[in-house]
Amino acid sequence: SNLAAGAAATPRGGEAAEGQTVGSLFRGFVAFYNSRFSVKDEAVSVRLGQRAPPAARLRPKTEAAPAIEDPFDESNNLAATMTAEGYARFREEFGRASSMLEDGKEAALSDLLTPWAPEEAGAAE
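All values reported here derive from a predicted model rather than from experimental measurement.

Undergrad: Go over the pattern of salt bridges, please, and point to the residues and values.
TA: For the structure shown, the criterion picks out six salt bridges. For Arg 47, the salt bridge goes to Glu 74, with nearest N and O atoms at 3.7 Å. Taken together, the residues span a long stretch of sequence, with Arg 47 in the loop between strand E1 (43-44) and strand E2 (67-70) and Glu 74 in strand E3 (residues 73-77) at a distance of 27 residues. For Arg 89, the salt bridge is made with Glu 92, and the minimal N-O distance between the two is 3.0 Å. Of the two residues, Arg 89 and Glu 92 both sit in helix H2 (residues 84-101), three residues apart, roughly one turn of that helix. You can call Arg 89 buried: its relative accessible area is 16%. We classify Glu 92 as partly exposed; its relative accessible area is 45%. One connected set of salt bridges, linked through shared partners, spans Arg 89, Glu 92, Glu 93 and Arg 96.

Undergrad: I'd like to hear about H2, residue by residue, with values.
TA: Helical periodicity: at 3.6 residues per turn, an α-helix aligns residues three or four positions apart in one direction. With 18 residues, H2 should reach 26 Å at 1.5 Å per residue; the first-to-last C-alpha distance of 26 Å fits that figure. Those residues of H2 that fall on the buried side of the exposure criterion are Tyr 87, Arg 89, Phe 94, Ala 97, Ser 98 and Leu 101. Residues of H2 that are buried sit in contact with helix H1 (22-36) and helix H3 (109-112). Two residues or fewer past H2, Asp 103 is found with a positive phi of approximately 50°.

Undergrad: Account for the packing of aromatic side chains, with residues named and values stated.
TA: The tally for this structure, following the rule as stated, stands at nine aromatic pairs. Where Phe 90 meets Phe 94, the ring centres are 5.0 Å apart and the plane angle is 55°; that geometry is what we call tilted. Of this pair, Phe 90 and Phe 94 both sit in helix H2, separated by four residues, roughly a single helical turn. A residue is classified by how much of its surface remains accessible, and Phe 94, at 14% relative accessible area, is buried.

Undergrad: Which residues make up the nonpolar core, and what are the values?
TA: One finds Val 30, Phe 32, Tyr 33, Phe 37, Val 39, Val 44, Tyr 87, Phe 94, Ala 97, Leu 101 and Leu 112 forming the largest nonpolar core, which totals eleven residues. Elements with a minimum of two residues in this core: H1 and H2. In contact with Phe 37, other than residues within four places in its own chain, are Phe 32, Glu 42, Ala 43, Val 44, Arg 51 and Pro 66.

Undergrad: An account of the pairing of E2 is needed here, citing residue identities and associated values.
TA: The sheet contact formed by E1 and E2 spans two bridges and is parallel. Paired with Ala 43 across the bridge in E2 is Ala 67. In the sheet, E2 pairs with E3 via two bridges, with the strands oriented antiparallel. Residue pairing across strands places Glu 69 opposite Asn 77, the latter belonging to E3. The turn linking E2 back onto E3 is made up of two residues.

Reading the values: the criteria
Residues numbered from 1 in each chain as written. Predicted model: local features only at pLDDT ≥ 70, side-chain atom pairs only at ≥ 80, totals over all residues. Heavy atoms only, no water. Salt bridge = Lys/Arg side-chain N within 4 Å of Asp/Glu carboxyl O. Helix = DSSP H or I, 4+ residues; strand = E, 2+ residues; numbered from the N terminus. Buried < 20%, exposed > 50% of the residue type's maximum accessible area, 1.4 Å probe, protein only. Expected span 1.5 Å × (residues − 1). Contact = heavy atoms within 4.5 Å. Phe/Tyr/Trp six-rings, centres within 6.5 Å; stacked < 30°, edge-to-face > 60°. Core = buried A, V, L, I, M, F, W, Y, C linked by side-chain atoms within 4.5 Å. Pairing = 2+ DSSP bridges.

Written out as structure tokens, the structure reads:
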């Protein structure tokens, strides 16, 4: 499908996205994974295209990581090596993007994609 040219998208198991721009679809993606996706109860599955509990083979070793099914190997959890610190950063970035995009705010893609760097010691003071 050609979303950039304004073609409609209808994801399986989701609501029709007719008339939505790529930007509004991205805003919805960020909002969903920031506030409605339950890492403990759901898996990310492009193959299924719908919300579902994670299969036993995808359950992370810790509750600090989501279950992200590899679309080419459904027994592989792409987030299996994610640490608690990595998951905290993941959540922080979705929260940052969500706050930049909430309530119809416009945000430049360059701002959304600004690389993260840890604060230097003493810089927060």
